[in-house]
Amino acid sequence: MEAAKDLEPMTSDRPPTPAEETPLARLEAIVLEIGEAVLATTETVDCLAARVEEMAQQVQQQGYQIFALSEEVENLTMTHQTTLEQLGNLTATLEQLATSFRQA
C-alpha cells in the first residue's frame with residue numbers, strides 16, 4: 001500500500017505547463033480569449049458607429065447650409081440682374097434728358 005501512495009500525483013500551486021493542461025482547460029482558455037476579442041470588437045464597432053452617425057449628421061447639416069447658400073446666390077443673381085436693368089433704364093432716361101437739354 002505504501003507504493004500506491006507514492007504513485008499519487010502531487011498537487012502544486014503553480015500554473016500548469018502547456019504539456020500538463022487538459023484539453024478542456026485549453027478549450028476554456030481559447031473560448032475566454034475569443035469572448036474577450038468579441039467584446040473588444042463590439043466596443044470598437046459601437047464607437048465607430050457613433051462616429052459615423054456624427055459624421056452623417058454633420059454632412060446633412062452641411063447639405064442644408066449648401067442649399068441655403070445656393071438659394072441666396074440665386075436671389076443675389078436675380079437682384080443683380082434687376083439692378084442692371086434698372087441702371088440701363090436710368091441711363092436711357094438720362095441720355096434722353098441730356099438730348100432734350102441740348103436741343104433746347
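Higher on the page you've got the structure.
About the thresholds
Residues numbered from 1 in each chain as written. Predicted model: local features only at pLDDT ≥ 70, side-chain atom pairs only at ≥ 80, totals over all residues. Heavy atoms only, no water. Helix = DSSP H or I, 4+ residues; strand = E, 2+ residues; numbered from the N terminus. Buried < 20%, exposed > 50% of the residue type's maximum accessible area, 1.4 Å probe, protein only. Areas by Shrake-Rupley, 256 points an atom, 1.4 Å probe, with all protein chains shown as cover. Patch = residues over 30% accessible without salt bridge, like charges linked within 9 Å, V, L, I, M, F, W, Y side chains within 5 Å. Salt bridge = Lys/Arg side-chain N within 4 Å of Asp/Glu carboxyl O. Polar contact = N/O pair within 3.5 Å; in protein donor to acceptor, adjacent residues only side chain to side chain.

Chemist: Explain the overall build of the chain residue by residue, including any values.
Modeler: A count of helical and extended segments in the chain gives two helices and zero strands. Each of the 104 residues in the chain was classed as buried or not, and the buried ones make up 0%. Accessible area of the chain: about 10,000 Å², with a carbon and sulfur share of 63%.

Chemist: Give a description of a nonpolar patch on the surface that names residues and reports values.
Modeler: Taken together, the side chains of Leu 84, Leu 87, Leu 90, Leu 94, Leu 97 and Phe 101 make up a nonpolar region of the molecular surface, amounting to roughly 610 Å² of accessible area. Residue placement: Leu 94 occurs in helix α2 (residues 23-103).

Chemist: Summarise the environment of Thr 83; cite the residues concerned and give the values.
Modeler: For Thr 83, the position within the fold is in helix α2. The partly exposed category is assigned to Thr 83, whose relative accessible area is 36%. Here Thr 79 takes part through its backbone oxygen, which lies 2.8 Å from a polar atom of the side chain of Thr 83.

On their own, these measurements won't tell you what the molecule is for.
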